[in-house]
Amino acid sequence: MAAERDEEPGPGPCCLCPGTAAGKRGMAGGCRCSALPAPRQGVMEEARRRLRQFDVGDKFSRLPLPRAAVLLPLMVRGDRLHLLLTVRSMQLRRSPGEVCFPGGKSEATDKDDVDTALREAKEEVGLQPEKVEVICRLMPGIDKMNNLVTPVVGFIEDTFQVTPNPDEVSEVFVVPLEYFVKPLNYKTFSYKTTSGYLTRIHCFTYDDQEHKRSFKIWGLTAHFAVFLALVIFGERPAFEVDYDLDNLISSSEDNFINLYASIYERKKSNL
Ligand SMILES: CC(C)(COP(=O)(O)O)[C@@H](O)C(=O)NCCC(=O)NCCSC(=O)CC(=O)O
Ligand SMILES: Nc1ncnc2c1ncn2[C@@H]1O[C@H](COP(=O)(O)O)[C@@H](OP(=O)(O)O)[C@H]1O
Ligand SMILES: [Mg+2]
């Protein structure tokens, strides 16, 4: 899969380096931390480089849809990238028991989607915003309530001790990022949204050795995890995806625009 843009960003501060502008907004530059072992630095630096090519920034911030944001928390364990995920509490009105990323709806006090994702991650799993090295915002998705959901990607420390808020989160677990391109247990199905948009749903079952149990990751959450893995690994996955893998940036944007247009058209016809 060829990258469409290839700018080499300069190095910058890292959330893991004591004494640097740790985790500050917009400070997601290359890591200067000589304390980290070389393979780990390499993995993180390559991921940063690729992710920055896919940063959408504020591009979709003016679309007239209610907003939400999720944090895609990446960490390096044993020189491999992993993603942290949560299981929603059974008490929640919406999507109880489903696997999702830390996140939620935008509030009036949030400056932008990065603020929303970091605020929600703090509320839900006790992750302090300054412990996150924010890298980029990826192409948004639209959930079943027609919220525009922006995935914010950030590095967190692998030593992070979660404190799940039991009102919102019942479990927290981590999955190797490669699982979202080379899964052991995967199913897919087609789904037509209420606006008539035909989409592919990915459904992963992940057997977590640490928790001795299986988690089902599907729908919007799986959509974001797959896209993240495609961006970072630049490899063809073991299953079909709705992207042109040689033009991942433009095809992901086309998919989003088509989905958005289907909702917009339906809204107009209901007026
Ligand atoms: C981030 C949300 C969209 C809003 O957060 P909040 O409910 O206010 O805490 C969150 O609801 C979310 O991440 N939803 C997706 C959960 C998910 O992926 N469930 C699995 C399948 S159902 C699905 O993907 C369709 C959907 O929920 O829109
Ligand atoms: N029973 C419950 N206890 C605590 N919080 C709840 C809840 N039901 C919903 N919420 C939270 O209230 C907000 C709105 O929920 P809903 O969409 O179901 O109306 C969501 O927060 P966030 O968006 O901050 O994550 C959700 O997590
Ligand atoms: Mg939430």
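Look up a bit, the structure's there.
Computed from a predicted model, the values in this text were never measured in an experiment.

Caption draft 1: Spotlight on the overall build of the protein chain. Helix and strand counts for the protein chain come out as four helices and 11 strands. Relative to its full complement of 271 residues, the protein chain shows a buried share of 51%. Taking the intrachain contacts of the protein chain between residues at least 6 apart in sequence as the baseline, contacts between residues at least 24 apart amount to 64%. When the accessible area of the protein chain is evaluated, it comes to approximately 13100 Å², of which 51% is carbon and sulfur surface.

Caption draft 2: Spotlight on the coordination of the magnesium ion (ligand 3). The coordination sphere of the magnesium ion (ligand 3) contains the protein donors G103 (O) and E124 (OE), at a distance range of 2.1 Å. In this pair, G103 is assigned in strand β4 (residues 103–105) and E124 in helix α2 (residues 113–125), connecting sequence segments 21 residues apart. A relative accessible area of 5% means that E124 is categorised as buried.

Caption draft 3: Molecular detail of the sheet that holds strand β9 (residues 186–192). A sheet is described by the order of its strands in space; here three strands give the open sequence β9-β10-β11, paired in antiparallel fashion. Each edge of the sheet is formed by a strand with only one pairing partner; in this case those strands are β9 and β11 (213–218). Direction aside, neighbouring strands of the sheet carry axes that sit 20 degrees apart on average. Looking at chain direction, strand β10 (residues 198–208) and β11 are connected through six bridges and run antiparallel. Looking at β11, one finds that C203 is bridged to W218.

Caption draft 4: Examining the pairing of strand β8 (residues 169–176) more closely. When you tally the buried positions in β8, you get six out of eight residues, the bulk of the element. The sheet contact formed by strand β2 (residues 80–88) and β8 spans seven bridges and is antiparallel. Within the sheet, the bridge partner assigned to V87 lies in β8 and is E171.

Caption draft 5: Examining the nonpolar core more closely. Ranked by size, the top nonpolar core spans 59 residues in total, and within it L51, L74, F180, I217 and L228 carry the most contacts. With 10 residues, the top contributor of residues to this core is helix α3 (residues 219–233). Not counting the four nearest positions on each side in its chain, I217 is found in contact with L85, V99, F173, V175, F180, H202, C203, F204, Y206 and A222. If you look at the next biggest cluster of nonpolar residues, it comprises 18 residues, including V114, A117, I156 and F160.

Caption draft 6: Structural context of the site of ligand 2. Lining the immediate environment of ligand 2, one finds Q91, L92, R93, R94, G103, G104, K105, E120, E124 and E168. Separating an oxygen atom of ligand 2 from a side-chain N or O atom of R93 is a distance of 3.2 Å. Side-chain polar atom of E124 to an oxygen atom of ligand 2: 3.3 Å apart, as the coordinates give it. Mapped onto the shell around ligand 2, the elements with two or more residues apiece are β4 and α2. Looking at the shell around ligand 2 element by element, the count peaks at three residues for β4. Looking at the shell around ligand 2 residue by residue, the classes come out as one nonpolar, three polar and six charged.

Caption draft 7: Up close: the packing of aromatic side chains. All chains considered together, the criterion is met by 12 aromatic pairs. Measuring from centroid to centroid gives 5.1 Å for Y179 and Y206, while their planes differ by 75 degrees, and the two rings are edge-to-face. A residue pair is termed long-range when its members are at least 10 positions apart, and Y179 in the loop between β8 and β9 and Y206 in strand β10 qualify at 27 residues. Across the pair, Y206 and Y179 agree in class, each one buried. In this structure an aromatic cluster arises from ring pairing among Y179, F180, Y186, F204, Y206 and F239.

Caption draft 8: Quick peek at the site of ligand 1. In the vicinity of ligand 1 lie 16 residues, with R88, E98, K144, L220 and T221 positioned nearest. Between ligand 1 and K105, the relevant distance is 3.5 Å, taken from an oxygen atom to a side-chain nitrogen or oxygen of the residue. Against a free-state accessible area of 610 Å², the protein chains account for coverage of 90% of ligand 1. Mapped by element, the contributors of at least two residues to the shell around ligand 1 are β3 (99–100), β4 and α3. Its residues assigned to classes, the shell around ligand 1 comprises six nonpolar, four polar and six charged.

The rules behind the values
Residues numbered from 1 in each chain as written. Chains lettered and ligands numbered in written order. Predicted model: local features only at pLDDT ≥ 70, side-chain atom pairs only at ≥ 80, totals over all residues. Heavy atoms only, no water. Helix = DSSP H or I, 4+ residues; strand = E, 2+ residues; numbered from the N terminus. Buried < 20%, exposed > 50% of the residue type's maximum accessible area, 1.4 Å probe, protein only. Contact = heavy atoms within 4.5 Å. Areas by Shrake-Rupley, 256 points an atom, 1.4 Å probe, with all protein chains shown as cover. Donors = N, O, S within 2.8 Å, 3.2 Å for Na, K, Ca; no water. Pairing = 2+ DSSP bridges. Axes fitted to C-alpha atoms, helices over the stretch in contact; angles between N-to-C directions. Core = buried A, V, L, I, M, F, W, Y, C linked by side-chain atoms within 4.5 Å. Near = heavy atom within 4 Å. Polar contact = N/O pair within 3.5 Å; in protein donor to acceptor, adjacent residues only side chain to side chain. Nonpolar A, V, L, I, M, F, W, Y, C, P; charged D, E, K, R; others polar. Phe/Tyr/Trp six-rings, centres within 6.5 Å; stacked < 30°, edge-to-face > 60°.

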